[in-house]
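# Per-entry structural report
So the chains spell out like this:
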Amino acid sequence: MSLRRILTVDNRADIAVLKQVSKPVEAVDDALRALMDDMLETMYAAPGIGLAAVQVGEPVRVIVMDLAREGEEKQPRFFVNPQFTWKSEELFVYEEGCLSVPEIYDEVERPAKVKLTYLNYAGEKVEEDAEGLYAVCIQHEYDHLEGVLFIDHLSRLKRERALKKVKKDAQLSAA
Ligand code: ZN
């Protein structure tokens, strides 16, 4: 396993990749599992609770996630070619953050519950219901597969402010 660099919105070339629509995975094979292992390690090191492959520069429809709390046993989850089959009309507001938009947190409103299908680490088809933080996280990560960032859900003013702050922080840490 190896750590990958996480693409961030303070970098123009990174933004171009993050805006791409990720391609469906054709087969869950050892090469894909190696990517998923790298992604999980990178996500834990960040640390974060979810990561899409495009965030490490691989625009394929793969997501890793672990919603275990600190001190709890790790619960890694892997999603290949996820698809929503249902979303609730009921909405839920949560203060989101993103490893590609460092140090920015803001409230986003999304469907409170979803049903989804995906292939797991072994390539088996899984159908699941998600609510609470799981529903928030899988919708946030799915957005990445469509080239959408959580700040795209904010008002233009808030989004521009967030981008400015990320750039400023990056310059300060480079100085
Ligand atoms: Zn994100």
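In this report, we go over the structure that sits alongside the text. All residue numbers here refer to positions counted from 1 along the written sequence of the relevant chain. Reporting of local features is limited, given that this is a predicted model, to residues whose pLDDT is at least 70; pairs of side-chain atoms are given and counted only at 80 or more, and all residues count toward the totals for whole chains, interfaces and linings. Hydrogens and water are ignored here; the side-chain numbers use all heavy atoms of the structure.

### A closer look at the overall build of the protein chain
As a reminder of what qualifies: Every helix listed is a DSSP run of H or I at least four residues long, and every strand listed is a run of E at least two residues long, numbered separately from the N terminus. Two things to know: the radius of gyration comes from C-alpha atoms, and the globule rule equals 2.2 Å times the number of residues to the power 0.38. Relative accessibility thresholds used throughout: buried, under 20% of the residue-type maximum; exposed, over 50%; partly exposed, between the two (1.4 Å probe, protein chains only).
Each helix and strand in the protein chain was counted, giving four helices and seven strands. What you see for the protein chain is a C-alpha radius of gyration of 16 Å, in line with the 16 Å of a compact globule of 175 residues. Taken along the three principal axes of its C-alpha coordinates, the protein chain extends 45 × 40 × 35 Å. Put simply, the protein chain has 175 residues, and 41% of those count as buried.

### Quick word on the pattern of salt bridges
The condition is simple: Salt bridges are counted wherever a side-chain nitrogen of Lys or Arg sits within 4 Å of a carboxyl oxygen of Asp or Glu.
Throughout the structure, instances matching the rule amount to 13 salt bridges. R110 is the salt-bridge partner of E96, the closest N and O atoms lying 2.7 Å from each other. Here E96, found in strand β4 (residues 91-98), pairs with R110, found in strand β5 (residues 101-111); they are 14 residues apart in sequence, far enough to count as distant. With relative accessibility at 6%, the residue R110 sits in the buried group. With a closest N to O distance of 3.0 Å, K165 and D169 form a salt bridge. A residue pair is termed a helical-turn pair when its members lie 3 or 4 positions apart in one helix, as K165 and D169 do in helix α4 (residues 156-174) at four residues. On the accessibility criterion, D169 (29% relative accessible area) is partly exposed.

### Thoughts on the side chain of R61
In plain terms, the rule: Throughout this description, a polar contact denotes any pair of N or O atoms lying within 3.5 Å of each other; where both atoms belong to protein, one of them has to be capable of donating a hydrogen while the other can accept it, and for residues adjacent in sequence the pair is counted only when both atoms sit in side chains. Two residues qualify as a contact provided that any one of their heavy atoms is within 4.5 Å of a heavy atom in the partner residue.
Looking at the element boundaries, R61 is found in the loop between β1 (50-52) and β2 (62-65). Within the local environment of R61, its side chain forms a polar contact with the side chain of Y142, the two groups lying 3.3 Å apart. A polar contact is formed between the side chain of R61 and the side chain of E146, at a distance of 2.4 Å. Setting aside residues up to four positions removed in sequence, R61 forms contacts with V21, S22, K23, P24, V25, F79, V80, N81, P82, Y142, L145 and E146.

### Quick look at the nonpolar core
To keep it simple, the criterion reads: For this analysis, a nonpolar core means a set of buried residues of the types Ala, Val, Leu, Ile, Met, Phe, Trp, Tyr and Cys, connected via side-chain atoms within 4.5 Å.
One finds I63, M65, F79, L116, Y134 and I138 to be the most contacted residues of the largest nonpolar core, which totals 17 residues. Taken together, the elements giving at least two residues each to this core come down to β2, β6 (113-119), β7 (125-131) and α3 (132-145). When residues of this core are assigned to their parent elements, the largest contribution, six residues, is made by α3. Excluding anything up to four places from it in sequence, L116 contacts F79, Q83, F84, T85, V126, E127, E128, A130, Y134 and I138. Counting residues in hydrophobic clusters, the runner-up holds 16 residues, among them L35, M36, A53 and V80.

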